[in-house]
There are 2 protein chains.
Amino acid sequence: MAVYLSDSEVIASMSQENSAGAAGGSQPAASASQTGYVTGADIGGTSLRLALADMDGRILDKWKVSTAGIRDPLVVVDLMHEGIEQLFQKNSLSRSLLRAVAAGAPGVTDVDAGVVIATSYLMGWRDVPFRSLLEDRLGVPAAVENDVNTAAIAESKIGVGRGVRDFVFLAVGTGVGAGLVLNGRLFQGMGWSAGEIGYLLVPGTSVEPVETGEPGALESIVGGEGIKAQWKHLWRKELTSLPEDLVATQIFDCAVEGDALAQMVLRKSAETLAYAIYNIAVLLNCPLFVLGGSVGMHPAFWELTKEILAQRDKRVQPALLRSTLGPDAQVQGAIHLALETAATRRL
Amino acid sequence: MAVYLSDSEVIASMSQENSAGAAGGSQPAASASQTGYVTGADIGGTSLRLALADMDGRILDKWKVSTAGIRDPLVVVDLMHEGIEQLFQKNSLSRSLLRAVAAGAPGVTDVDAGVVIATSYLMGWRDVPFRSLLEDRLGVPAAVENDVNTAAIAESKIGVGRGVRDFVFLAVGTGVGAGLVLNGRLFQGMGWSAGEIGYLLVPGTSVEPVETGEPGALESIVGGEGIKAQWKHLWRKELTSLPEDLVATQIFDCAVEGDALAQMVLRKSAETLAYAIYNIAVLLNCPLFVLGGSVGMHPAFWELTKEILAQRDKRVQPALLRSTLGPDAQVQGAIHLALETAATRRL
């Protein structure tokens, strides 16, 4: 069952950004004069985040709940329903003013059909018609999109990708994913799985054939879980005074503080990510990469990846920026989608 | 100076395809009822090929000349002029019926500006305003595009990529290049160098920083020159009865005939290409790859690459087809561009 987090657990940065709002955001179609509100959602394996916004995309309030252990899509829909009710009540707004909702889901998503095709083993969704479930429960038009893609939308509209025709948003958290913005639009691929870069092969990754459900070659070195596993694998009492159980960002912190083993793990991850970025930059002639996700946002990881990238090839020098939206990117992108949905979709 | 090839040296398959014409080709804009003709050109480091076509894209005749040793863009323009005059005369057509020309150039090309930004050392072009040069000399609207991209256009219009929204054309000849068709359109990248995949890094390629002018990491293993160099590098009298000097397709032929060293070189090249295709398929969720170029068309190379690709990952299984247009793809794509140019561009 869901464990409700106290308000204080809602990330501080969120409320800061609340007051700033979606500054300068070029939100779509729906006009400022329209009365109404939308809700954007970010469905994660550990938490569900909601944000209530006006028709200009300005965030009025946020809500968050743990999703640990939850697999049933109907329970997620119930939680979204509950969160939306609370957000409207708390802000003394009539729930009838909800115009649309949109959700970022942690898996391959058919946006046209509104179906989450597959998520990782954590949630285990297969062909979940999440848009219909939301519309049935909430009575308003809904949209669903891959969560890394919703973040890429936000970066494109109000983040560092704003106004850049082609760029790639890289989410490095537990795993690794990319959102591709090409010709100013999301490129999702014919099977909606473009950007699933956890499986890329670069020098230093395993070339073993991939079994379904296993982490990909790149992900095993660059993703949070992979970095943790690498650390465990290399850890010896003789090599470090640090504990065997550390998470990726702790390992990176220790690298900065001078631990040689942690530095080795950091370098391997940064080098592998730099190779992947280089490859994407070569293939797509892409000038900008935006790093997000809890691991991707780590300054040391970002700095070292940039440094390795800069040394590779004078002709291929994409900019590598950190997201300025941080953990809010997904929900911001979902708000944008919800506004678009309000303007274009009728039930 | 140019060495004119005899008619018999014009590849036999060309005349075969002449009679078939651009079968079922969905050529653009320009209407069948329009009187006039266009010329498509393929500018290569060893030859310049021209084709004369009617406004339905049907090829009436072809012309070819050696470009060995030619570096001056003005000489290439002169050769094109001469070839066009000959094609019109030979077919008893008034040269005033030429409506447009288009050329595929062996380098990074700014299509909007009509400028060839850079070619390989063979021709050494830098920022050549080739469209203007052609228009000044020929007096008709012209277009210029990267040659691998013109081939991708042809595959998309009349080849095996016909009707496929997203696919990648892979040209493996002396070097390696790709033409990306995404959302049914060429994707050239913000600096017009998308698809320059000779520089990709995959397991087994060098990770040494790239010096300008040197072949890329992937190219060194997968391209014709790279394969030749590999063979030379590995060659020992004790290891093979074959000569030290062989070209890529000969090495592949010898692999088929059972030479162990040749088989080793073939496997390394096929494996490396398979990794690159896998990466592109993962990133873009791309379902189709079309192999072209003299090396890419070799059946043994194609078969082994397919086999290695099939073993990698059950979920990522793009089709790998050989081009059916062969060495005609570039010129066919140029004809398509010329027709588009005739319909849209005025001098």
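Keep in mind that what you see is a predicted model, and the values were worked out from it rather than measured.

A few words now on the overall build of chain A. Across its full length, chain A holds 10 helices and 13 strands. Expressed as a percentage of its 347 residues, the buried residues of chain A come to 55%. Taking the contacts inside chain A whose residues are at least 6 apart along the sequence as the reference set, 67% of them involve residues at least 24 apart.

Residue and element names in this part refer to chain B. Ordered in space as β5-β6-β7, the 3 strands form an open sheet in which the pairing is antiparallel. Of all the strands in the sheet, the pair left with one neighbour each is β5 (107-110) and β7 (126-128). Direction aside, the axes of adjacent strands within the sheet are offset by 25° on average. The pairing of strand β6 (residues 115-119) with β7 spans 2 bridges and is antiparallel.

Residues and elements named next belong to chain B. When you line up the elements, W235 lands in the loop between α6 (224-234) and α7 (248-256). Residue classification places W235 among the partly exposed positions, given that 16 C-beta atoms sit within 10 Å. For the pair W235 and D245, spaced 10 residues apart in sequence, the C-alpha to C-alpha distance is 9.3 Å. For W235, the residues in contact, after removing those within four places along its chain, are T240 and E244.

Mapping chain A onto chain B calls for a screw motion: a turn of 180° about the axis and a shift of 0.0 Å along it, with 0.0 Å RMSD after fitting. Classification of the inter-copy transformation places it as that of a two-fold axis. Counting the interface residues of chain A, we find that 100% of their copies in chain B are interface residues as well, pointing to one common contact surface.

We now examine the domain arrangement of chain A. Interface size is commonly expressed as the accessible area that is lost once the parts come together. Residue and element names in this part refer to chain A. Under the domain assignment used here, chain A contains domain 1 (7-154 + 328-344) and domain 2 (160-323). Placing the centre of domain 1 and that of domain 2 at their C-alpha centroids yields a distance of 27 Å. Listed as interface residues are 12 residues of domain 1 and, on the opposing side, 14 residues of domain 2. Secondary structure elements with two or more residues in the side of domain 1 that touches domain 2: β5 (107-110) and α4 (147-158). Among the elements that line the side of domain 1 that touches domain 2, the one with the most residues is α4, at 5 residues. Considered class by class, the residues forming the side of domain 1 that touches domain 2 number 9 nonpolar, 2 polar and 1 charged.

Parameters and conventions
- Residues numbered from 1 in each chain as written.
- Chains lettered and ligands numbered in written order.
- Predicted model: local features only at pLDDT ≥ 70, side-chain atom pairs only at ≥ 80, totals over all residues.
- Helix = DSSP H or I, 4+ residues; strand = E, 2+ residues; numbered from the N terminus.
- Buried ≥ 20, exposed ≤ 12 C-beta atoms within 10 Å, placed from the backbone.
- Contact = placed C-beta atoms within 7 Å.
- Pairing = 2+ DSSP bridges.
- Axes fitted to C-alpha atoms, helices over the stretch in contact; angles between N-to-C directions.
- Least-squares fit on C-alpha atoms with pLDDT ≥ 70 in both.
- Domains from an automatic or database assignment.
- Nonpolar A, V, L, I, M, F, W, Y, C, P; charged D, E, K, R; others polar.

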